[in-house]
Each structure stands twice: as C-alpha cells, then as structure tokens.
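Results of the structural survey
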Amino acid sequence: MKMLWIPGHKEGGLDVELFRRRVIRECGIWSSLNHPNITPFYGWVLDVGCELHAYILLQFAENRCVNHYIKNTPGADRRKIVYEAAKGLSYLHTQDIVHGDIKPTNILINASGVATLCDFGLSRKIGDPATDPQGSSYNSTAQYSAPELVIGEGLEITRTKASDIWALGCTGMEILRGYPPYSAQRVANAMSRRIGPFKEFLPESPEWAFRGCLQFEPEARTNAQNVIRLLAPTRRPRH
C-alpha cells in the first residue's frame, strides 16, 4: 500500500485540489497497466480528517524493494532482476508512458521472486498534458535523474523515455554492483563536469547492457528493448 497525505489541509483549498488531481492522475495511469513486471493496482481509498490521506492499494510485495531483497537473499540473481525491470520499463514505453522515477525503491520483488515496477506519482502519458506531474509530485531523486533534468539551463523540465533510460542505467548498475550512482560526489557538480555515475562497464558482463543508457546526450541513449536483448538469459553482452 502506498500512502499520500496533506498535513493540516483546508477543505476547498488549492493544496487539496492539487492533491486530488495527483491521486487521480497516478491512479488513472497505474490502473491502465497490465504486465508481469508492473506491480498490480487494486484501487484507492480517500481518508478525510485532520489530515487528508489517500491510500493506493497494490499487490503485497513479500520481499519488499530490490535492495532489501538482495540484502536478505544470498545468491540473489541480480541479472534476472535488472532484466525484469527493463521488461517492465519497455512495456511502459510501448504504451507511451514515461515512468519518471525509476530507482531501486520503486522496484518490488513479489512472492514469486519477480521484479515489478511501482509508484507512478511522477509518470506521464506522452501527448496527454493532463497527466503531467504538478506541485509536490514534480521532483525526483537527483542520483537517478538524467543530466538534462538536473543541470538543464533555460529548459522546462520534462521527463522523457530517454530520461527513464538514464535512470534505468543508474538503477541497473546499482543492483549489479551494490552501491549507488554518484556515491561519493555531488550529483550536479559531477554532471556539469560530464562525470558519469559509474567509472567503467565490464565487457562480457550484464553491466555492458547499461553502457548505452548512461550517455549524456538524450538522443545518444539506447532503449529498453536493446537493454533486454543484451540481458536476455540466452545471450551474454559483448563489445
């Protein structure tokens, strides 16, 4: 279950209206999805009191998020996890949906050990301005955000399939290596000097699949289908 809330809300206030739009927007996108690597959406409940709460009901993830699963599962198949996450993102992109917040905490592992994407609070449907995030649902985690979202100057921040691919690269590499992107650096400072989130990619390993994700120019990045192809169990990534 995901909880959204506004402390000390005022009925009829602007914050309540933005909150209502946020909940309807996220639930509208999430409820339209159907894929083995997308966390199933079951509904939502509004609780009005001194504070305004909305509860989004989703499939229970017995193994919680991917980092918790790896920490508590010796020998976890990390390649399988990133492969399934890439399949979930590829499905979204075929539906012209940008996830907007790919990171380890938004990848759940269900009771069957399958990785599923969750949390569509920053998602948008390409070509549908009504689904664009607003207000408090606008910012994402800088460590996983593409350079154009972090240091873009004079540009309107718009999440795209290309920015999702950067986030997938950061997330995939963290899952494989066990430490986060830009772990010892300030993100904006490193990006302004065109320093990538990881120093190198090991050829002939699953890491090679994410090399094309972490290109500074959005148009130079690969796509989720290519990542899937390189991570597929029957194939080993190569130069």
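Reading the values: the criteria
Residues numbered from 1 in each chain as written. Predicted model: local features only at pLDDT ≥ 70, side-chain atom pairs only at ≥ 80, totals over all residues. Heavy atoms only, no water. pLDDT = per-residue confidence, 0-100. Contact = heavy atoms within 4.5 Å. 1 Å grid on protein atoms, 1.4 Å probe; cavity = no way out; pocket = protein on both sides within 12 Å on 5 of 7 lines; lining within 4 Å. Points joined across faces, edges and corners; volume = space filled by probe spheres on them. Helix = DSSP H or I, 4+ residues; strand = E, 2+ residues; numbered from the N terminus. Polar contact = N/O pair within 3.5 Å; in protein donor to acceptor, adjacent residues only side chain to side chain.

1. Regarding the confidence of the model for the chain
Looking at the chain as a whole, the pLDDT averages 89, with 87% of positions reaching at least 70. This model gives residues 5–10 a pLDDT under 50, and the stretch forms 21 contacts once residues within four places in sequence are excluded.

2. Brief notes about empty space enclosed by the protein
Applying the stated criterion across every chain, the model contains one cavity of 30 Å³ or more. By volume, the largest cavity amounts to about 90 Å³. Along its surface, the largest cavity is lined by 14 residues, and Gly100, Ser140, Tyr144, Ser145 and Ala167 are the ones closest to its centre. Ranked by the residues each element gives to the lining of the largest cavity, the list is headed by helix α5 (residues 161–177), at three residues.

3. Structural notes on the side chain of Arg124
Mapped onto the fold, Arg124 is located in strand β7 (residues 124–125). Polar contacts involving the side chain of Arg124 include one to the side chain of Asp132, which spans 3.2 Å. Separated by 2.6 Å, the side chain of Arg124 and the backbone oxygen of Arg159 make a polar contact. Residues contacting Arg124, with those up to four places away along its chain left out, are Ile29, Asp96, Ile97, Val98, Thr131, Asp132, Pro133, Thr158, Arg159 and Thr160.

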